[in-house]
Amino acid sequence: RDLTDRPLQWSSSAPTIATVNASGVVTAVAPGQSTITATSEGVSGSAVIVVAPDPCSVVRTITLSQPVSGTLRATDCRLADSTAVQRFGFTLTTRTKVEILMNSSEIDSYVFVLDSARRVVVQDDDGGGGRNSRILRTLPAGRYEILANVYDAGSFGSYQLSLLPAPPACVVGRALSLPATVNATLDLNACRQNDGSLE
């Protein structure tokens, strides 16, 4: 049976991670792990507390030509419209024309690029065809963030994010004799102009 009116002493093995007061209330301080122990009349019991990092403070690194995979989940940081978002940082040492692709078969992707002051430089919804996002932009040297986002609140799933050197302007053509008729299809594998249009 429960025993009442017994004095309890509470302690934390890592008060920089989690603190505990005289009533046994635990307060998270920083990401990490701490053991909370209660002792009464020489008998003690403990529990391990894991403090997860604030998802809005997590910034992963992305580099040119090194695609990363991610999954947007209900536990992720949220924007003001309640859509899930994950943050990726990169640095350009010189003015660079880049192509940013966010592809997914599970979600309607949405991408933002922020500058070092966290101002939106550019954003895109379906520029990559279908529900994929694509940004083609020349950026000055500096520090930037990509926000991997989703169009619909309550929508979650996996994606692949790529930061690439922009494709060169299309310069190779096919010789034609006039008049002529050519059957062709513009798709995502077609040559791309630097403004993002297909050729």
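The coordinates are above.
First, a word on what this report is: a plain description of the structure on this page. Remember, it's a predicted structure, so these values are computed and weren't measured experimentally.

Structural notes on the sheet that holds strand S5 (residues 43–51)
Turning to step 1, where the next piece is worked out: Here we have 3 strands laid out as an open sheet, ordered S1-S4-S5, and antiparallel in their pairing. At either margin of the open sheet sits one strand with a lone partner, and together these are strand S1 (9–12) and S5. Within the sheet, the average angular offset between the axes of one strand and its neighbour, ignoring direction, is 20°.
Turning to step 2, where the next piece is worked out: Inspection of the sheet shows S1 paired to strand S4 (residues 32–40) by 4 bridges, in the antiparallel sense. Bridge pairing links Gln-9 to Thr-39 in S4.

Let's talk about unusual backbone geometry
Turning to step 1, where the next piece is worked out: Positioned with a positive phi, Ser-65 is a non-glycine residue whose angle comes to about 65°.
Turning to step 2, where the next piece is worked out: Checked against the element boundaries, Ser-65 lands in the loop between strand S6 (59–61) and strand S7 (68–72).
Turning to step 3, where the next piece is worked out: Backbone geometry at Ser-82 places phi at a positive 75°, although glycine is not the residue there.

What to know about the sheet that holds S7
Turning to step 1, where the next piece is worked out: Across the sheet, which stays open at both edges, the 4 strands sit in the order S7-S15-S10-S13 with antiparallel pairing between neighbours. Pairing within the sheet leaves two strands with one partner each, and these edge strands are S7 and strand S13 (133–139). Neighbour to neighbour, the strand axes of the sheet diverge by 20° on average, direction disregarded.
Turning to step 2, where the next piece is worked out: Pairing geometry for S7 and strand S15 (residues 157–165), over 5 bridges, is antiparallel.

Describing the side chain of Ser-133
Turning to step 1, where the next piece is worked out: Mapped onto the secondary structure, Ser-133 falls in strand S13.
Turning to step 2, where the next piece is worked out: A polar contact of 3.4 Å, which involves the side chain of Ser-133, links it to the backbone nitrogen of Tyr-110.

The rules we used
Residues numbered from 1 in each chain as written. Predicted model: local features only at pLDDT ≥ 70, side-chain atom pairs only at ≥ 80, totals over all residues. Heavy atoms only, no water. Pairing = 2+ DSSP bridges. Helix = DSSP H or I, 4+ residues; strand = E, 2+ residues; numbered from the N terminus. Axes fitted to C-alpha atoms, helices over the stretch in contact; angles between N-to-C directions. Polar contact = N/O pair within 3.5 Å; in protein donor to acceptor, adjacent residues only side chain to side chain.

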